[in-house]
Amino acid sequence: MKRLLKFSFFIFLYSLGTLFLCESLQAQNNELLGSYKIGYVGKDFESTKNKAIYSGIKAATKNLGKKLSIDVETLVFCKTDPLTNKPQTKAIKNSFLKNVDGIIISPSEEESLLPVLKLTQDFGKEIIFLESELKSIEPLIFIKADEFSAGSKLATAILKKLPTSGRIAILSANKNSYLLKERMRGIKSTLGYKRIETIIYTHKNYQDAVKAIKKAQDADKDNFIKGWIFLDDWALRGMPDLPWDIGQMPLATLQSSAITNHFYDIGYINSMVIHPYYEWGYEAAKAMIEKLHKNELPLKKTIELAPILINRDNYQSYKGKWKSWLK
């Protein structure tokens, strides 16, 4: 009987020790091994494209934060007053006040960001560029938009809908935009120059874009225009107001706004090309965290992620992705 009591007491002590050990290990596992702040500065204010990119950033910080037992706070500096002359400059300065460890930014082509970004690096902050870059700044990584392929995919899609020898009109914007020039170069490499009837330029907003399209259609007295390519979806960010009936004019557009899905649903759009915005954000945040926490440099300084052609085969899938990105 005494032996049984001793054995039971031994089992009790062993179980108690095991319990304390497990709790101790659990406490160690729950202990944070690092805490970081990442700022995101988008290019287009109040843009659903920004939200798609930020959704990827948040997903990466959540997954890697759990995996590495670290806390990563993400801050958005995209909602600075767009009426100010230098919204991104102000956004970057605001990131200083929040003491971020690094910023992910799609640099504007309209602003001179070099001084404030150099100051950012002087203070030891990491910089990652999305979509476009500043040649005088060496970022941790540059996630490049493959605009040439985007243009080529748009041209390939519209060619399938054009009659023999049919010509198209192209909606563009700032003539000095490197990104739009690359899209145009991709279109011309696939479509050729003779199939382009006209290129019209607009400000990057819904009202001006629709006016420019209507003006071009009115000027086409001989009906040479048999299709349209939009280099971005400015004319599709409002109520449908295109100067042709649904299904009357083939249209392919680059998609950077979720509202464009409505035009596809009702039949105005035949094909869309989208950049992998979510993946841009995910890969950027992943590279940033690996540098901040593990001091690991990316294997490549430049990553070019291919654009995606959206048509009836994959449209519903990407429509669902937009819904998840905008939550």
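Summarised in this report is the structure supplied together with it. Just so it is clear, the structure is predicted and the values come from calculations on it, not from any experiment.

With that out of the way, let us pick up the overall build of the protein chain. When helices and strands are tallied, the protein chain shows 10 helices and 12 strands. Residue pairs in contact within the protein chain that sit at least 24 positions apart in sequence constitute 69% of those at least 6 positions apart. For the protein chain, the accessible area works out to roughly 17500 Å², and carbon and sulfur atoms hold 53% of it.

A word on the packing of helix 2 (residues 48-68) against helix 9 (residues 277-294). Relative orientation of the contacting elements helix 2 and helix 9 amounts to 40°, with a least axis distance of 7 Å. When the axes of helix 2 and helix 9 are compared, the pair comes out oblique. When the axes of helix 2 and helix 9 are compared, the crossing they make is right-handed. Taken together, the residues of helix 9 that come into contact with helix 2 (itself represented by Lys 49, Ala 52, Ile 53, Ser 55, Gly 56, Ile 57, Ala 59, Ala 60, Thr 61, Asn 63, Leu 64 and Leu 68) are Tyr 277, Tyr 278, Trp 280, Gly 281, Tyr 282, Ala 285, Lys 286, Ile 289 and His 293.

With that settled, the discussion passes to the pattern of salt bridges. Under the definition given, this model contains 16 salt bridges. The salt bridge partner of Lys 135 is Glu 133, with a shortest N-O separation of 3.0 Å. Judged by its relative accessible area of 74%, Lys 135 is exposed. Here Glu 133 falls in the partly exposed class, since its relative accessible area comes to 30%. Each of the salt bridges in this network shares a partner with another, and the network as a whole consists of Glu 147, Arg 183, Asp 232, Asp 233 and Arg 237.

Next up on the list: helix 9. A rise of 1.5 Å per residue sets the reference length of helix 9, with its 18 residues, at 26 Å; its end C-alpha atoms lie 26 Å apart and thus fit the reference within 8%. For helix 9, the complete set of buried residues consists of Tyr 277, Trp 280, Gly 281, Ala 284, Ala 285, Ala 287, Met 288, Ile 289, Glu 290 and Lys 291. Phi for Asn 295, located one or two positions after helix 9, is positive at around 55°.

It is worth spelling out the sheet that holds strand 3 (residues 102-105) at this point. Paired through backbone hydrogen bonds, the strands of a sheet run either parallel or antiparallel to each other. Strand order in the open sheet formed by six strands is 2-1-3-4-5-11, and the pairing between neighbours is parallel. Each of the sheet's edge strands pairs with one partner strand only, and the pair in question is strand 2 (71-76) and strand 11 (302-305). The average angle at which neighbouring strand axes cross in this sheet is 20°, direction not considered. Inspection of the sheet shows strand 1 (residues 35-41) paired to strand 2 by six bridges, in the parallel sense. Residue pairing across strands places Tyr 36 opposite Val 72, the latter belonging to strand 2. Contacting strand 3 and strand 4 (126-131), helix 4 (residues 114-122) runs over the sheet at an angle of about 140° to strand 4.

Attention now moves to helix 6 (residues 178-191). End to end, helix 6 covers 20 Å across 14 residues, agreeing with the expected 20 Å (1.5 Å per residue, within 8%). Turning to helix 6, its buried residues number three or more, namely Leu 179, Leu 180, Glu 182, Arg 183, Met 184, Gly 186, Ile 187 and Leu 191. On its buried face, helix 6 sits against strand 4, helix 5 (147-159), strand 6 (167-172), strand 7 (196-201), strand 8 (225-230) and strand 9 (251-255). Looking one or two residues past helix 6, Gly 192 carries a phi angle of roughly 85°, positive in sign.

Notably, Glu 131 is not glycine yet its phi reads approximately 75°, a positive angle. Within the secondary structure, Glu 131 sits in strand 4. Its identity as a non-glycine residue notwithstanding, Ser 165 has a phi of 65°, on the positive side. Looking at the element boundaries, Ser 165 is found in the loop between helix 5 and strand 6. Judged by relative accessible area, which is 57%, Ser 165 ranks as exposed.

Cut-off values and rules
- Residues numbered from 1 in each chain as written.
- Predicted model: local features only at pLDDT ≥ 70, side-chain atom pairs only at ≥ 80, totals over all residues.
- Heavy atoms only, no water.
- Helix = DSSP H or I, 4+ residues; strand = E, 2+ residues; numbered from the N terminus.
- Contact = heavy atoms within 4.5 Å.
- Areas by Shrake-Rupley, 256 points an atom, 1.4 Å probe, with all protein chains shown as cover.
- Axes fitted to C-alpha atoms, helices over the stretch in contact; angles between N-to-C directions.
- Parallel < 35°, antiparallel > 145°, perpendicular 65-115°, else oblique.
- Left-handed = near helix turned anticlockwise from the far one by under 90°.
- Salt bridge = Lys/Arg side-chain N within 4 Å of Asp/Glu carboxyl O.
- Buried < 20%, exposed > 50% of the residue type's maximum accessible area, 1.4 Å probe, protein only.
- Expected span 1.5 Å × (residues − 1).
- Pairing = 2+ DSSP bridges.

Keep in mind that these numbers describe shape and distance, not what the molecule does.
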